[in-house]
Amino acid sequence: MGDTEAAAEKIEVQSAATISLKEFLEGTHPSVLKEVSDLWDIHVNSSAYKRKLITLPDLRLHCAKCEGFRTFRCSSNQFLDMDTTVTEFNSRYKCGDCHEQTKLFSLYVKFGQRPAGEVYKYGELPPFGIPVPNKVLRLFGKDANLFQKGRQCENLGYGVAAFSYYRRVVENHKNDIFEEIIKVCRTVNAPTAIIGELQKAKKEIAFTKAIEAIKSALPQGLLTNGHNPLLALHGALSAGLHDESDEECLAAAQAVRLVLTDLVEKIATLKQDNRELNEAMQLLLKKKS
Ligand SMILES: [Zn+2]
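Residues numbered from 1 in each chain as written. Predicted model: local features only at pLDDT ≥ 70, side-chain atom pairs only at ≥ 80, totals over all residues.

**Structural notes on the overall build of the chain**
Applied cut-off: Each helix is a run of DSSP H or I of at least 4 residues and each strand a run of E of at least 2, with the numbering of both proceeding from the N terminus. Radius of gyration: over C-alpha atoms. The globule rule applied is 2.2 Å multiplied by the number of residues raised to the 0.38 power. In this description, any two residues whose backbone-derived C-beta atoms lie within 7 Å of each other are considered to be in contact.
What the chain contains, in helices and strands, is 10 helices and 10 strands. Against the 2.2 N^0.38 benchmark of 19 Å for 289 residues, the chain shows a C-alpha radius of gyration of 24 Å, more extended than a compact globule. Relative to all contacts within the chain whose residues are 6 or more apart in sequence, the contacts with residues 24 or more apart total 53%.

Right, here's the structure in full:
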């Protein structure tokens with residue numbers, strides 16, 4: 001192993017062990033104690049009085065009102081006596097765009113060697129993680145609540161459980177997923193070969209088996225970064241529940257949710273684009289006549 005490789009590995013190990021306070025607040029689910037590298041500093045006021053200071057960083061969080069990622073800010077930093085070793089506090093963040101959506105964190109902090117420390121998140125409101133878009137939930141009808149339970153398990157880091165929920169929902173709604181893709185293929189005038197293959201695949205009992213039967217390309221507009229989302233789903237769903245660790249199941253569960261969400265959104269966009277195109281055509285034709 002060369003020096004650079006060794007150095008890169010060292011950095012990776014380090015970053016896995018300690019994270020920034022921003023990374024912790026944005027990306028760590030509640031109920032985990034984490035080492036944070038930039039927790040606190042010493043603040044000296046005009047009368048030379050020293051206190052410990054926890055600066056709450058700006059965060060990039062999902063805003064339900066703005067329906068996307070926005071910068072959230074917290075106006076109240078925490079000042080503590082120098083002899084404080086542990087503390088608990090709530091911090092309230094607000095979306096910098098709409099100034100309406102709030103995010104509340106309830107935290108436990110244990111000071112370490114400056115500027116590090118340990119942080120534990122009792123909870124947050126709205127709950128950790130981006131909510132599942134309504135478009136996705138609608139596709140799953142009465143099983144929408146199972147999908148949401150999968151999301152909650154994923155939020156808490158319960159990989160095996162999250163994966164089981166998602167797999168159950170995907171298997172139960174295999175036909176709905178294929179039906180949506182077939183509809184979109186017809187809308188965008190995709191080659192008949194792919195439509196035929198999708199219809200045949202729909203008849204397979206297992207979702208992964210169904211995907212294996214598809215050989216033709218999906219319409220460009222349905223691809224995720226140039227990749228076939230059905231193959232990506234196949235890969236994630238084939239990860240067994242028996243041998244993989246909880247972490248591996250969590251990664252597979254996350255992949256299933258992300259690919260499905262992206263696919264459903266792309267289907268909706270293609271339908272919308274086509275509707276607008278048709279309307280524009282109608283308008284032009286009307287003008288001409
Ligand atoms: Zn907002």
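**Notes on helix 6 (residues 174-187)**
Keep this limit in mind: Each helix should span, by expectation, one fewer than its residue count multiplied by 1.5 Å. With C-beta atoms placed from the backbone, a residue counts as buried when 20 or more other C-beta atoms lie within 10 Å of its own, as exposed when 12 or fewer do, and as partly exposed for counts between those limits. Throughout, the arc means the angular range of directions from the helix axis out to the C-beta atoms.
When the terminal C-alpha atoms of helix 6 are compared, their 20 Å separation across 14 residues agrees well with the 20 Å that a helix rising 1.5 Å per residue should span. Within the sequence span of helix 6, burial applies to Lys174, Ile177, Phe178, Ile181, Val184 and Cys185. Each buried residue of helix 6 sits inside an arc of 125° when the element is viewed along its axis, so together they form one side. Of the residues in helix 6, the exposed ones pointing more than 90 degrees away from the buried face are Asn175 and Arg186. Against helix 5 (159-172), helix 7 (192-202), helix 8 (207-212) and helix 10 (246-288) lie the buried residues of helix 6. Backbone geometry just downstream of helix 6 places asparagine 189 in the positive-phi region, at approximately 55°.

**Comments concerning the packing of helix 4 (residues 144-155) against helix 10**
Counted only if it meets this: To obtain an axis, a line is fitted to C-alpha atoms, over the contacting stretch when the element is a helix, and the angle between two such axes runs from 0 to 180 degrees between their N-to-C directions. Should an angle fall under 35 degrees it is called roughly parallel, over 145 degrees roughly antiparallel, and 65 to 115 degrees roughly perpendicular, with every other angle called oblique. Each crossing is labelled by how the near helix is turned from the far one, with a counterclockwise turn of less than a right angle marking it left-handed and a clockwise turn marking it right-handed.
One way to put it is that helix 4 packs onto helix 10 with a least axis distance of 10 Å and a crossing angle of 135°. The orientation of helix 4 relative to helix 10 falls into the category oblique. The crossing of helix 4 and helix 10 is left-handed. Contact with helix 4, carried on its side by Gly150, Arg151 and Glu154, involves Leu250, Ala253, Gln254 and Arg257 of helix 10 and no other residues of that element.

**Here's the deal with the confidence of the model for the chain**
Heads up, the rule is: pLDDT gives the predictor's per-residue confidence on a scale running from 0 to 100.
Averaged over the chain, the pLDDT score is 88; the fraction of residues at 70 or greater is 93%. Segment residues 1-15 is flagged for pLDDT under 50; beyond a separation of four residues in sequence, or across chains, it makes 1 contact in the model.

**A short note on the sheet that holds strand 7 (residues 78-80)**
Selection criterion: Here the rule is simple: two strands pair whenever DSSP picks up at least two bridges between them.
The 3 strands are arranged 3-4-7 in an open sheet whose pairing can be described as antiparallel. Bordering the open sheet on either side are strand 3 (41-44) and strand 7, each of which pairs with just one other strand. Strand-to-strand twist in this sheet, taken as the mean axis angle between neighbours without regard to direction, amounts to 40°. Note that strand 3 and strand 4 (residues 50-54) share 4 bridges and pair antiparallel. Paired with histidine 43 across the strands is arginine 51, a residue of strand 4.

**Some points on the domain arrangement of the chain**
Here is the rule we go by: What counts as a domain boundary in this text is fixed by an automatic or database domain assignment.
Domain assignment breaks the chain into domain 1 (3-125) and domain 2 (134-281). Between domain 1 and domain 2, the C-alpha centre-to-centre distance is 35 Å.

**What to know about the sheet that holds strand 6 (residues 68-74)**
The strands that make up a sheet pair up through hydrogen bonds in the backbone, lying either parallel or antiparallel. One open sheet accounts for 7 strands, arranged 1-2-10-9-8-6-5; its pairing is mixed. The open sheet has two edge strands with one neighbour each: strand 1 (18-19) and strand 5 (59-63). Where strand 9 (residues 102-111) meets strand 10 (residues 117-125), 8 bridges bridge the pair, whose relative direction is antiparallel. Within strand 10, the position partnered with lysine 110 by the bridge is glutamate 118.

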